[in-house]
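# Overview (structure and organization)
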Amino acid sequence: MAGWMWFRCFLGPHLQRVHRSQEESRPEGRAGRRGWTYQPKSLEKHTDSILGWASALWSLSYYSSPLVLCYLYRKGYICSSKLVPVSQYVGTVMVCLLGVAFLRGWGRWRNSEYQQFISILEETRKNHTPSNKKKLACYDFDFSHWPADFSWEEVSNPKLLSKAGVSLLKPEPKLRGAADSMLNSLRTLPCHIVSFLIAHSFGRRILYPGSVYLLQRAMRPMLQQGQARLIEECEGQRNKLVACDGNEIDTMFVDRRREEGLHGQTLVICCEGNAGFYEVGCMNTPLEGGYSVLGWNHPGFAGSTGVPFPQNEANAMDVVIQFAVHKLGFQLSDIVVYAWSIGGFTASWAVMSYPEIQALVLDASFDDLLPLALKVMPDSWSEPVMSYKQKWPLVTHTVRQYMNLNSAEQLCKYQGPVLLIRRTKDEIITTTGPEDIMSNRGNNLLLKLLQFRYPKVMTDDGVRAVRAWLAASNPVEEAAVYSSYEVDDDWCVSVLQSYKTERDVFFPWSVGEDMTLEGRRQLALFLARKYMRNFDSTHCTPLPYSEFTAPWGL
């Protein structure tokens, strides 16, 4: 029995913190605290440190391996006479690390607190009841060992999905003959290979730096602190969801439905940025307002597995929504999707795929990834290159094929209320610099949405009026532009309400078709101010709750 317990400790996860609920008694010396950091004994502490450094060095060598291999090749070290001694050294190191792991298991086995934890974990795996899960939730440990709480298979038919997963909007292919298409594919094969290598190596890591292990390791203390706050202060519930592609998604749910307040019955699903985690991300904004909140981490971020390509992102978002509806008991009409930065892609996919969702709030989001990718990539990569007498724009093809974050296109498929929040000092989603507010891609997101929903209003004159309003960098300039066009808010509301009452049709609307030039300008500015709000801040400043308001609707 003791040997089996030691073996489970040897294979067990790294325990980080012990949580206690309010009704449980607290050990001596810990009065007033609802949780504490797990304190390993000396043997476990030192061996765990050694294995941690070994893991960090392995990760560093993995990311630097292309450069190291090129250097070794140029020096002539990649040959049998050199590789045999190296393999012997590597084998010796692996044996030593295995011995360190055995010693760590011994140290854990001698710690009664860890033994209690591993017993609860094993019991929960065998019998995943609510009472066992409640006991397991008192511990913060490696999420890969956490039993699954919900799977997409519980509510979806696998036969209805493609092999990749949920459906995405794809760029329309150019029409060619069958013979021409095959010949073209053979000619452009080298460029396809280069695009694939770029996307699956540094391209994906540049786009989603939060998926890099070294960054996660550096942020681990901050993430653990945020995790503890959500569980111990906000009574958060951590759950593991299994998406249709097999990725395990780490989520955190804070239930406010039993509390007094106006917003507890509304669930806000939060979509984080490319280096954001729910532990320290945009969940805090709706939490301040008393909303029920569901946060989740991108595939490959912290506890979530996988790689954050668009298809995996959409698959993850789909299982999050299914979990909210079928497990947590919310109606789609009770759900608001809130996204920051690159999270606008999954948020816009959600409202496109589930049009019954109540509303959408996009903070510091962009319309399309391609202009931002062209900004950061070398100019030589952005220009068309020749491939067997055919022009081939490398960056454009790589983005469209593997990282097509077409938020505006998806957003235009949604009929519900939308609020866009633009950061006036945004330095990330501008194509020139934060001082040029007109290069903020949030402007393009607004214009594309308005041009789709109100095409008769957003004529050339309407677009010019909205651009003049967007060029204002402070509230005084905004008010000056608004007053210069003599916008009558009451008249605009009456026109829109009258149109909706008489026709009650889906977007796009034909309102403004028989309107004067001045009327269309007024309506364009009125709609722009209703759909977008400015926040005088940089890209990464947390959004205060005062700026988180319900989107406008008639």
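Residues numbered from 1 in each chain as written. Predicted model: local features only at pLDDT ≥ 70, side-chain atom pairs only at ≥ 80, totals over all residues. Heavy atoms only, no water.

## A few points about the pairing of strand S10 (residues 359–363)
Two faces belong to every sheet, and in a regular strand the side chains alternate between them. Taking burial as the measure, the five residues of S10 include five buried ones, the bulk of the element. Burial along S10 is two-sided: Ala 359, Val 361 and Asp 363 facing one way and Leu 360 and Leu 362 facing the other are all buried. Summarising the sheet, strand S9 (residues 335–340) and S10 pair through five bridges and their orientation is parallel. Its bridge partner being in S10, Val 336 is matched across the sheet by Ala 359. Note: S10 against strand S13 (residues 418–423), four bridges, orientation parallel. Within the sheet, the bridge partner assigned to Asp 363 lies in S13 and is Ile 421. (Buried < 20%, exposed > 50% of the residue type's maximum accessible area, 1.4 Å probe, protein only. Helix = DSSP H or I, 4+ residues; strand = E, 2+ residues; numbered from the N terminus. Pairing = 2+ DSSP bridges.)

## Remarks on unusual backbone geometry
A cis amide bond, omega 5 degrees, links Phe 507 with the succeeding residue Pro 508. Here Pro 508 shows up in the loop between helix H19 (489–503) and helix H20 (517–531). One non-glycine residue, Ala 302, adopts positive backbone phi at about 50 degrees. On the secondary structure map, Ala 302 appears in the loop between strand S8 (292–296) and helix H10 (310–326). A positive phi angle, close to 50 degrees, is found at Glu 486, a residue other than glycine.

## Re helix H16 (residues 441–453)
The terminal C-alpha atoms of H16 lie 19 Å apart, and with 13 residues this matches the ideal 18 Å at 1.5 Å per residue to within 8%. Looking only at H16, the buried set comprises Arg 441, Gly 442, Asn 443, Leu 445, Leu 446, Leu 447, Leu 449, Leu 450 and Arg 453. If you check the start of H16, you find a side-chain oxygen 2.7 Å away from the backbone N of Gly 442, and it comes from Asn 440. (Expected span 1.5 Å × (residues − 1). Polar contact = N/O pair within 3.5 Å; in protein donor to acceptor, adjacent residues only side chain to side chain.)

## Some words on the nonpolar core
Among the nonpolar cores identified, the biggest contains 96 residues, and Ile 269, Val 337, Leu 446, Tyr 454 and Tyr 531 are the most heavily contacted of them. The residues that make up this core include at least three from each of domain 2 (206–416) and domain 3 (454–553). Every residue in contact with Tyr 531, bar those within four places of it in the chain, is listed here: Val 418, Leu 419, Leu 420, Leu 446, Leu 449, Leu 450, Arg 453, Tyr 454, Phe 507 and Trp 552. With 24 residues, the next largest nonpolar core counts Ile 231, Met 283, Leu 543 and Phe 548 among its residues. (Core = buried A, V, L, I, M, F, W, Y, C linked by side-chain atoms within 4.5 Å. Domains from an automatic or database assignment. Contact = heavy atoms within 4.5 Å.)

## With respect to the packing of aromatic side chains
Scanning the entire structure with this criterion turns up 24 aromatic pairs. Their ring planes at 70 degrees and their centres at 6.0 Å tell us that Phe 196 and Tyr 402 sit as a pair that is edge-to-face. One end of the pair, Phe 196, is in helix H7 (residues 189–207); the other, Tyr 402, is in helix H14 (residues 394–402), with 206 residues separating them in the sequence. According to the relative accessible area criterion, Phe 196 is partly exposed, its value standing at 39%. Three or more aromatic residues link up through ring pairs in this structure, and these residues are Tyr 38, Tyr 114, Phe 117, Tyr 139, Phe 141, Phe 143 and Trp 146. The ring centre of Phe 143 lies 5.3 Å from the NZ or CZ of Lys 240, which sits over that ring. (Phe/Tyr/Trp six-rings, centres within 6.5 Å; stacked < 30°, edge-to-face > 60°. Lys NZ or Arg CZ within 6 Å of the ring centre and 35° of its normal.)

## Thoughts on the domain arrangement of the chain
Reports of interface size often rely on the accessible area that becomes lost once the parts have come together. Partitioning the chain into structural domains gives domain 1 (1–20 + 36–150), domain 2 (206–416) and domain 3 (454–553). The C-alpha-based centres of domain 2 and domain 3 are spaced at 27 Å. In this assembly, 16 residues from domain 2 lie in contact with ten residues from domain 3. Summed over both partners, the interface of domain 2 with domain 3 buries about 1200 Å², with 65% contributed by carbon and sulfur atoms. When the buried surface of domain 2 facing domain 3 is broken down by residue, Thr 285, Trp 340 and Gln 415 rank first, second and third, together holding 42% of it. Run the count over domain 2 and domain 3 and you get zero salt bridges. For the pair domain 2 and domain 3, the number of links is four residue pairs in polar contact (both at pLDDT 80 or more). For the side of domain 2 that touches domain 3, the elements supplying multiple residues, two or more each, are helix H9 (284–288), S9 and S10. With four residues, the top contributor of residues to the side of domain 2 that touches domain 3 is S10. Residue composition of the side of domain 2 that touches domain 3, grouped by class: nine nonpolar, five polar and two charged. (Buried area = accessible area lost by both parts, 1.4 Å probe. Salt bridge = Lys/Arg side-chain N within 4 Å of Asp/Glu carboxyl O. Nonpolar A, V, L, I, M, F, W, Y, C, P; charged D, E, K, R; others polar.)

## Section: the sheet that holds S13
With mixed pairing, nine strands are arranged side by side in an open sheet as S4-S5-S6-S8-S7-S9-S10-S13-S14. Edge positions in the open sheet fall to strand S4 (150–151) and strand S14 (532–535), since each of these has one partner strand only. Looking at chain direction, strand S7 (residues 267–271) and S8 are connected through four bridges and run parallel. Bridge pairing in S8 links Cys 270 to Gly 295. Along the sheet face, H10 touches S4, strand S5 (237–242), strand S6 (248–254), S7, S8 and S9 and points at about 150 degrees away from the line of S8. Seen against the sheet, H16 touches S10, S13 and S14 and runs at an angle of roughly 155 degrees to S13. (Axes fitted to C-alpha atoms, helices over the stretch in contact; angles between N-to-C directions.)

## Overview of a nonpolar patch on the surface
Side chains of Leu 57, Trp 58, Leu 60, Tyr 62, Tyr 63 and Leu 214 sit close together on the surface and give an oily, nonpolar patch of about 640 Å² of accessible area. A per-element tally of the nonpolar patch places helix H2 (residues 42–75) first, with five residues. Here Leu 57 shows up in helix H2. Relative accessible area serves as the criterion here: at 53%, Leu 57 is assigned to the exposed category. (Patch = residues over 30% accessible without salt bridge, like charges linked within 9 Å, V, L, I, M, F, W, Y side chains within 5 Å. Areas by Shrake-Rupley, 256 points an atom, 1.4 Å probe, with all protein chains shown as cover.)

## Details of the side chain of Arg 17
Relative to the helices and strands, Arg 17 resides in strand S1 (residues 15–19). At 3.3 Å, the side chain of Arg 17 forms a polar contact with the backbone oxygen of Gly 35. Beyond its immediate stretch of four places on either side in the chain, Arg 17 contacts Gly 35, Trp 36, Thr 37, Tyr 38, Cys 138, Tyr 139, Asp 140, Ala 228 and Glu 232.

## Description of the side chain of Gln 522
Along the chain, the position of Gln 522 falls in helix H20. Only 2.9 Å separates the side chain of Gln 522 from the backbone nitrogen of Asp 488, close enough to count as a polar contact. Not counting the four nearest positions on each side in its chain, Gln 522 is found in contact with Tyr 485, Glu 486, Val 487, Asp 488, Trp 491 and Cys 492.

## Quick word on the pattern of salt bridges
On inspection of all chains with the given rule, the structure shows 19 salt bridges. Salt-bridge contacts for Lys 133 lead to Asp 149; the nearest nitrogen and oxygen are separated by 3.3 Å. A residue pair is termed long-range when its members are at least 10 positions apart, and Lys 133 in helix H5 (residues 130–136) and Asp 149 in the loop between strand S3 (139–141) and S4 qualify at 16 residues. The partner of Asp 461 in a salt bridge is Arg 464, and the shortest N-O contact between them spans 2.7 Å. Placement of the pair is Asp 461 and Arg 464 together in helix H17 (residues 460–470), with a separation of three residues, close to one helical turn. Taking the relative accessible area as the measure of exposure, Arg 464 reaches 51% and is therefore exposed. A single network of salt bridges, built from pairs that share partners, joins Asp 140, Arg 238 and Asp 250.

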